[in-house]
Amino acid sequence: FPIFKNDKLKSIIIIYQANIYLWDFRSIKQVYKLERCRNVMHGAITQIDSGEIYFGEYGSERDVKVPVFCSSDYGLTWFKIYEFPAGTTKHIHNVQWDPYERKLWICSGDKDGECCILKADKHFDNIESIGDLSQKWRTCHFFFEPSFVVWGMDSPLEPCSIFRYDRNSEQLKELCKVSGPVWYGRRLSNKGYIVSTSVEPSLYPHDKRARIYFSKDLHNWVEVFSVKKDMWPYIFKFGSIF
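Residues numbered from 1 in each chain as written. Predicted model: local features only at pLDDT ≥ 70, side-chain atom pairs only at ≥ 80, totals over all residues. Heavy atoms only, no water.

A.B. asks: Tell me about the pairing of strand β2 (residues 8–16), residues and numbers included.
C.D. replies: For strand β1 (residues 2–5) and β2, the ladder comprises 4 bridges, and the chain directions are antiparallel. Each bridged residue has a counterpart across the sheet, and for I3 the counterpart in β2 is S11. Where β1 folds back onto β2 in an antiparallel hairpin, the turn is made up of 2 residues, including N6, whose phi is positive at roughly 55°. Pairing analysis gives 5 bridges linking β2 to strand β3 (residues 19–23), with the strands arranged antiparallel. By the bridge assignment, I15 is partnered in β3 with I20. The turn linking β2 back onto β3 is made up of 2 residues, and Q17 within it adopts a positive phi angle of 50°. (Pairing = 2+ DSSP bridges. Helix = DSSP H or I, 4+ residues; strand = E, 2+ residues; numbered from the N terminus.)

A.B. asks: Quick rundown of the sheet that holds strand β19 (residues 209–215)? Include the residues and the values.
C.D. replies: Strand order in the open sheet made by the 4 strands is β17-β18-β19-β20, with antiparallel pairing throughout. The open sheet has two edge strands, β17 (182–188) and β20 (222–228), and neither has a second partner. Adjacent strand axes in the sheet meet at a mean angle of 20°, parallel and antiparallel pairs treated alike. Two elements, β19 and β20, share 6 bridges in a ladder whose sense is antiparallel. Residue R209 lies in a different strand from β20, and its bridge partner there is K228. (Axes fitted to C-alpha atoms, helices over the stretch in contact; angles between N-to-C directions.)

A.B. asks: Describe in detail the pairing of strand β9 (residues 91–98), supporting the description with residues and values.
C.D. replies: Residues in a regular strand project their side chains so that they alternate between the two faces of the sheet. Summarising burial for β9: 8 of the 8 residues are buried, a large majority. In this antiparallel pair of consecutive strands, β9 and strand β10 (residues 103–109), the connection spans 4 residues, and R102 shows a positive phi of 55°. (Buried < 20%, exposed > 50% of the residue type's maximum accessible area, 1.4 Å probe, protein only.)

A.B. asks: So, the sheet that holds strand β14 (residues 148–152): which residues are in play, and what are the values?
C.D. replies: Backbone hydrogen bonds are what pair the strands of a sheet, in a parallel or an antiparallel way. Strand order in the open sheet formed by 4 strands is β13-β14-β15-β16, and the pairing between neighbours is antiparallel. With partners counted over all chains shown, the strands left at the sheet margins are β13 (143–144) and β16 (172–177), one partner each. Pairing analysis gives 5 bridges linking strand β15 (residues 161–166) to β16, with the strands arranged antiparallel. Along β16, the bridge assignment pairs S161 with K177.

A.B. asks: Outline the pattern of salt bridges, listing residues and values.
C.D. replies: According to the stated counting rule, one finds 19 salt bridges in the structure shown. Its salt-bridge partner being K80, residue E35 comes within 2.8 Å of it at the nearest N-O pair. Taken together, the positions of E35 in the loop between β4 (28–33) and β5 (46–47) and K80 in strand β8 (residues 79–84) put the pair 45 residues apart, joining distant regions of the chain. What makes E35 partly exposed here is its relative accessible area of 44%. What makes K80 partly exposed here is its relative accessible area of 34%. Two residues, E128 and K119, come together in a salt bridge whose shortest N-O distance is 3.7 Å. Among the charged side chains, a salt-bridge network with shared partners connects D98, E101, K103, K119, E128 and R167. (Salt bridge = Lys/Arg side-chain N within 4 Å of Asp/Glu carboxyl O.)

A.B. asks: I'd like to hear about the layout of surface pockets, residue by residue, with values.
C.D. replies: Estimates place the volume of the largest pocket at around 890 Å³. As for the largest pocket, its lining consists of 29 residues, and the residues nearest its centre are Y58, H91, W183, K237 and F238. A class-by-class count of the residues in the lining of the largest pocket yields 13 nonpolar, 6 polar and 10 charged. Space inside the second largest pocket adds up to approximately 610 Å³. Lining the second largest pocket are 27 residues, with Q96, W97, H141, F142 and F144 sitting closest to its centre. (1 Å grid on protein atoms, 1.4 Å probe; cavity = no way out; pocket = protein on both sides within 12 Å on 5 of 7 lines; lining within 4 Å. Points joined across faces, edges and corners; volume = space filled by probe spheres on them. Nonpolar A, V, L, I, M, F, W, Y, C, P; charged D, E, K, R; others polar.)

A.B. asks: Got a sec to walk through empty space enclosed by the protein? Specific residues and values, please.
C.D. replies: Applying the stated criterion across every chain, the model contains 2 cavities of 30 Å³ or more. By volume, the largest cavity amounts to about 60 Å³. R36, E57, Y58, G59, S60, E61, V64, K65, V66, P67, K90 and H91 together form the lining of the largest cavity. Here the residues of the lining of the largest cavity are counted per class, giving 4 nonpolar, 3 polar and 5 charged. Taken as a whole, the second largest cavity holds about 30 Å³ of empty space. Considering the residues around the second largest cavity, the lining is formed by T139, C140, H141, F143, W151, G152, V182, W183, Y184 and V195. At 3 residues, β17 tops the list of elements feeding residues into the lining of the second largest cavity.

This is the structure:
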């Protein structure tokens, strides 16, 4: 993960086998060690405009505290800035910065009752929970706009959709159905937006293709690409596009 200071690339964070390393292009050193996982979810680290860096632990244990980590010195040292109480969630999918409300959005999963979406200031002094903890609120990525937030469901337990959350009314509206769990999203400069779905063991009928959906405006979505899951069983890897 690249770290910037004054809009210039300063260093790189590398996470490997639970160890967090900092590379300043001259030397590399270990600066921290994760407790209950060997990595975080791909693309789930964020640096906000004042420089702080955040990510959440992506472990497989339940009934344990699940931390959000922060570095306020460009990755040199790390500390737990928040912990989900034991039994409230399994792991953290993402931590993202909302530039309009100037808050961090934290999403987690996976079962009903564990699908938390929290909003917090950068110090986690004020924390707000939104949603009803159901699968509609289980996501891995947010698109922020001034009046709404868009995300795709990440659920193999129910048919998945892309949703829009209205900031004023706090209502959730379904925009479209998608073929499977949405893991990743990306804004393409001013060209539009894409999300990708995965192929994984599911409780509902679905095909065996991972798909990419595109939108120019975050309202209307169309499928633009798909690829068939390979022949290997799920013990190796789900079929996903990043």
